[in-house]
Structures are given as structure tokens and as C-alpha cells.
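Per-entry structural report
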Amino acid sequence: MNETVPYGLDAGELDELHEFLGRRAEAGGLMLDAVHGLLTAVVIGPDPISASEWLGHVIDQEQGFESEDEANRILALLIRLYNSVVQELDALSYQPIFGEVEIADSDDTELSARGWCEGFSIGVDLRSALWEGRMQQDSELLELLNPVIALAADEDVFEAIEGESIDPLSDEDFEAALNEVAGAVADVQQYWRNKPPEISEGLGGPGRRPVLRKRGGHWLH
């Protein structure tokens, strides 16, 4: 993880949540950066999403908890993480939680946006018809999402449309896109506030093609 501490959780609580999620990673569970991306999409999206809906993508019911105390503790941390996204955006201090991966043949690490982008794509999928329909109709939303889409493509979170090629980002462009995510998130939230969905939107089923879509497998941090 990077060292940015969300508004509502201190470093120790972040580590506690990170360790809990890490124990479930081998079974396909989301890591902390992906959970943060998911919650970000939920908070800034076009339609309210209840905790009972997004929690199912974070906590596998089959795995459950070791105890009632653990369940209460982890659920409380997750709700506070959600609230921290809301509070940070209101305070104009939002920063995404990115993962860190080891550099081959080195003891160093580098930031990766893959987990965050995968989580964001899950959040988008929860209201896919609204997101995808609007992205097809209004290029402004696509432009606002450009840093996220560029990172998702570069990190292989989704595949290119058949016949299209996606050039990898240079190191400079990758770093620039990382730095632009926070602003893009705030802008997308404001976009949906300024242009909320019409009642008729989202009633026609899935869009032509998801712009972001979680891939199979699991990203190991």
C-alpha cells in the first residue's frame, strides 16, 4: 500500500483491514486497494448503492468470519472506509489507495493501479447500464474517466476491443495518470450531480460493451 491514510482510518486500522483481506486473497477476495476502488465508484456513481449490495463483493458469505467479534470489527472498518471516501471527497482531500508490487530482480517496489481499477470496475458494474449508456451518449464522461481508463488498459484490467490496439503508457504518462485519478474521481462525482440519470436511463439492459470490466483471476499484491 502507499502511505496515504484515508480520512476516517488511521494507519493501524488500515493495516488491520489489509491483513484481514490479504488472508482471503488466495480465494479470489479483493485486497484493500480494490475495495477502495469499489467504494469510490459506489460513492461517485449515478445511483445510490446500499452497503448490503456492495458488501457482498468484499465479504464472501461462504468464508464468513472466525468470530462475531471479528465480524463486527471488520464490518465497522469497511463502513468507516466507505465514509472516509465520502468525507475526503467533500473535503477535496480524496486520494486513491494503490497497491505496491515487487520489481523483478530487485528488492524495490512500485505502485500499481490494477487492484484499484479492478475494484472501480466492479463498482461501475453494479450500475453498468447507467454508466455504459451515458458513456455511449456523452463523451464528457469518457473524457473525465480518461486517467482511470488509461491505467486500467495499461494494467490489463480489460482487453481492447477486437481490432484495436492499446499502446502501453510510458513511465512518465503512467505516473501522470496516477496523479490525475483523484481529480478525475472528484470531477466524475460532480458530473453525475450536474447530470443525474433520467428515469428512462438504464432500463434497456446492458450497454454495448463495458468500458471497465473485471477480468478473471486474482492480482497478487
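Everything that follows concerns the structure shown earlier in this document.
Notes on the structure in this doc start here. Everything numeric in this text was worked out from a predicted model, so none of it was measured.

1. Focus on the pairing of strand 1 (residues 99–102)
- Taking every second residue as pointing to the same face, the buried face of strand 1 carries Gly-99 and Val-101, while none of Glu-100 and Glu-102 on the other face is buried.
- Hairpin remark: strand 1 followed by strand 2 (residues 109–112), antiparallel, with six residues in the connecting loop; positive phi at Asp-105, about 60°.

2. Description of the side chain of Arg-127
- Along the chain, Arg-127 falls in the loop between helix 5 (114–125) and helix 6 (128–137).
- For Arg-127, the side chain forms a polar contact with the main-chain oxygen of Pro-48, separated by 3.2 Å.

3. Quick word on the packing of helix 2 (residues 32–44) against helix 4 (residues 68–90)
- Put simply, helix 2 and helix 4 touch, their axes get as near as 10 Å, and they point 55° apart. Judged by the angle between their axes, helix 2 and helix 4 are oblique. In this structure, helix 2 meets helix 4 at a crossing whose hand is right-handed. Residues Leu-32, Val-35, His-36, Leu-39, Thr-40, Val-42, Val-43 and Ile-44 of helix 2 form the contact with helix 4, whose own contacting residues are Leu-78, Leu-81, Tyr-82, Val-85, Val-86 and Leu-89.
- Classifying every residue of the contact of helix 2 with helix 4 gives twelve nonpolar, two polar and no charged.

4. Side note on the packing of aromatic side chains
- In total, this model carries seven aromatic pairs according to the counting rule given.
- Plain terms: the ring middles of Phe-20 and Phe-65 are 5.8 Å apart, the flat faces sit at 15° to each other, and that makes the pair stacked. Here Phe-65 lies in the loop between helix 3 (51–54) and helix 4 and Phe-20 lies in helix 1 (residues 11–23), a separation of 45 residues in the sequence.
- The class of Phe-20 is buried, set by a relative accessible area of 2%.
- Ring centres of Phe-98 and Trp-116 lie 6.2 Å apart, and the angle between their planes is 70°; this geometry places the pair in the edge-to-face category. Taken together, the residues Phe-98 in the loop between helix 4 and strand 1 and Trp-116 in helix 5 connect sequence positions 18 residues apart. The residues Phe-98 and Trp-116 share a single accessibility class, namely buried.
- A cation over an aromatic ring shows up here: Arg-24 above the ring of Phe-65, its NZ or CZ 5.4 Å from the ring centre.

Rules and cut-offs
Residues numbered from 1 in each chain as written. Predicted model: local features only at pLDDT ≥ 70, side-chain atom pairs only at ≥ 80, totals over all residues. Heavy atoms only, no water. Buried < 20%, exposed > 50% of the residue type's maximum accessible area, 1.4 Å probe, protein only. Helix = DSSP H or I, 4+ residues; strand = E, 2+ residues; numbered from the N terminus. Pairing = 2+ DSSP bridges. Polar contact = N/O pair within 3.5 Å; in protein donor to acceptor, adjacent residues only side chain to side chain. Axes fitted to C-alpha atoms, helices over the stretch in contact; angles between N-to-C directions. Parallel < 35°, antiparallel > 145°, perpendicular 65-115°, else oblique. Left-handed = near helix turned anticlockwise from the far one by under 90°. Contact = heavy atoms within 4.5 Å. Nonpolar A, V, L, I, M, F, W, Y, C, P; charged D, E, K, R; others polar. Phe/Tyr/Trp six-rings, centres within 6.5 Å; stacked < 30°, edge-to-face > 60°. Lys NZ or Arg CZ within 6 Å of the ring centre and 35° of its normal.

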